[in-house]
Each structure stands twice: as structure tokens, then as C-alpha cells.
Amino acid sequence: MTVDVDQILVSRDAAVPTPRLEPMLDLEWSQAIELPRFALPATRPAELRQAWVHRAPEDAVLGLYRRASGSDDTLPAPWWLRAVASGRLESRELGFRIEDRVAQLLGKRMGWEFVPWAADGESGYWEFMPSERGKSGHSIPTTVLNTDRHDGWIDVLPAHSAQAPEPVAVAGLAGLRSRLGEFEAVR
């Protein structure tokens, strides 16, 4: 028996429909939060705002986030986007303002350093370096980060060495300012 391979390929190709390409939501979302390759090291949260989620129209960002997250609460995303999506924070701009005010407060104080390499999509965090390897011997310094866990939008993770303690919920910038002496006392 002889088989004409060229004839089989032609008839098979004629039966195969042209593929319809659709964006893969996970890939689209990862590109939305990805910082450009040319991003310079940041010393404040504002310098990290170079991804699509920071620049695109807020309603487009919110729409893509809602489609991509579905019922997945673990989707990497900035804290402010999760808060806006839940209806608890008015806007992305307000989230930026909160980050900038924390930066203004901690950036002027001795010992605080901004750490830009946070989890995917996040806005970085602040560490109090004197609390690391000081008299207390902690290997992980006191850390201030923004959160959507509560409406104060700021958590403090106390200096520690072993298992991470529960974060301390801080009542906004005024609460952080009033408790800084307490947080900086651990050395």
C-alpha cells in the first residue's frame, strides 16, 4: 500500500481552522504589574510607579484586575488596587498619596531605609536598620509596609529572628507618627 503524504497534509490543512488567538489573562496581568527593564533603583515608592497598573486609566486597571483575580485572593497586586477593588479606598491616587506621606515621614528619620524589591506588584516597604543585629540580636528589622488588611493602610512588622510575629495595625499616618518612638526603641 502506498500513501501519498503530500495529499494527506493538504487535506488535513484544509480541515484545520485558523487558530483564534486570545490573550491569556495570567500573562496579561503579569505584564501589567511588571516594571520596565530599564527601571532604576528606587529610594521611594513614587520611583517604582512605572508599570502599566500605575499609568493606565484607573478603570482599565481595575477591570483587568477584576477579570484576572476572579476568586483568586492571592493574585499579586499593589495593596491600593486590592483596596480600591474592594471599595474601601477611593482611588489609586489616594493610595499613592498614602505611600508618599509615609515616605516623607520615614525618609527624614535616621535609620529608615526604603526597600524597593517587594513582592510582585507591591510598592516596596521601609526597614528600621538599627533594629537588625543590634543589642536585641534580631535578624529581621522592624518593617513598615502598606496594606489593605485594614483601613489605616499601614502595618508594622516588629523586629524578629524566628517566625514572623503578627503585624501591628497602625491607624494611618498619624498613628505611625505617634508610635514611631515605640517602634524605633527596639535595637
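Residues numbered from 1 in each chain as written. Predicted model: local features only at pLDDT ≥ 70, side-chain atom pairs only at ≥ 80, totals over all residues. Heavy atoms only, no water.

**Section: the confidence of the model for the chain**
In this model, the chain carries a mean pLDDT of 87, and residues with pLDDT of at least 70 account for 86%. Highest mean pLDDT in the chain belongs to helix α6 (residues 92–107) (98); lowest belongs to helix α1 (residues 5–15) (55). (pLDDT = per-residue confidence, 0-100. Helix = DSSP H or I, 4+ residues; strand = E, 2+ residues; numbered from the N terminus.)

**Digging into the packing of helix α2 (residues 25–33) against helix α4 (residues 58–69)**
Direction vectors running N to C along α2 and α4 enclose 135°, while the axes themselves pass 10 Å from each other. When the axes of α2 and α4 are compared, the pair comes out oblique. At the point where α2 passes α4, the crossing takes the left-handed sense. Here α2 contributes Leu-25, Glu-28, Trp-29 and Ala-32 to the contact with α4, which in turn contributes Val-61, Leu-64, Tyr-65, Arg-67 and Ala-68. Broken down by class, the residue content of the contact of α2 with α4 amounts to 7 nonpolar, no polar and 2 charged. (Axes fitted to C-alpha atoms, helices over the stretch in contact; angles between N-to-C directions. Parallel < 35°, antiparallel > 145°, perpendicular 65-115°, else oblique. Left-handed = near helix turned anticlockwise from the far one by under 90°. Contact = heavy atoms within 4.5 Å. Nonpolar A, V, L, I, M, F, W, Y, C, P; charged D, E, K, R; others polar.)

**Quick look at empty space enclosed by the protein**
Per the stated rule, a full pass over the model turns up 1 cavity of 30 Å³ or more. Its volume calculated, the largest cavity comes out at about 50 Å³. As for the largest cavity, its lining consists of Pro-45, Glu-99, Val-102, Phe-114, Ser-123, Gly-124, Tyr-125, Trp-126, Val-144, Leu-145 and Asn-146. Breaking the lining of the largest cavity down by element, the ones donating at least two residues are α6, β2 (125–128) and β3 (142–146). The class makeup of the residues in the lining of the largest cavity is 7 nonpolar, 3 polar and 1 charged. (1 Å grid on protein atoms, 1.4 Å probe; cavity = no way out; pocket = protein on both sides within 12 Å on 5 of 7 lines; lining within 4 Å. Points joined across faces, edges and corners; volume = space filled by probe spheres on them.)

**What about the sheet that holds strand β5 (residues 168–170)?**
Sheets are built from strands paired through backbone hydrogen bonds, the pairs being either parallel or antiparallel. Reading across the sheet, the 5 strands line up as β1-β2-β3-β4-β5 and stay open at both edges, with antiparallel pairing between neighbours. Edge positions in the sheet fall to β1 (112–115) and β5, since each has one partner strand and no second. Strand-to-strand twist across the sheet, computed as the mean angle between neighbouring axes with direction ignored, equals 25°. Sheet topology places β3 next to strand β4 (residues 154–157); 4 bridges connect them, and they run antiparallel. Across the sheet, the residue bridging to Thr-143 is Leu-157, located in β4. (Pairing = 2+ DSSP bridges.)

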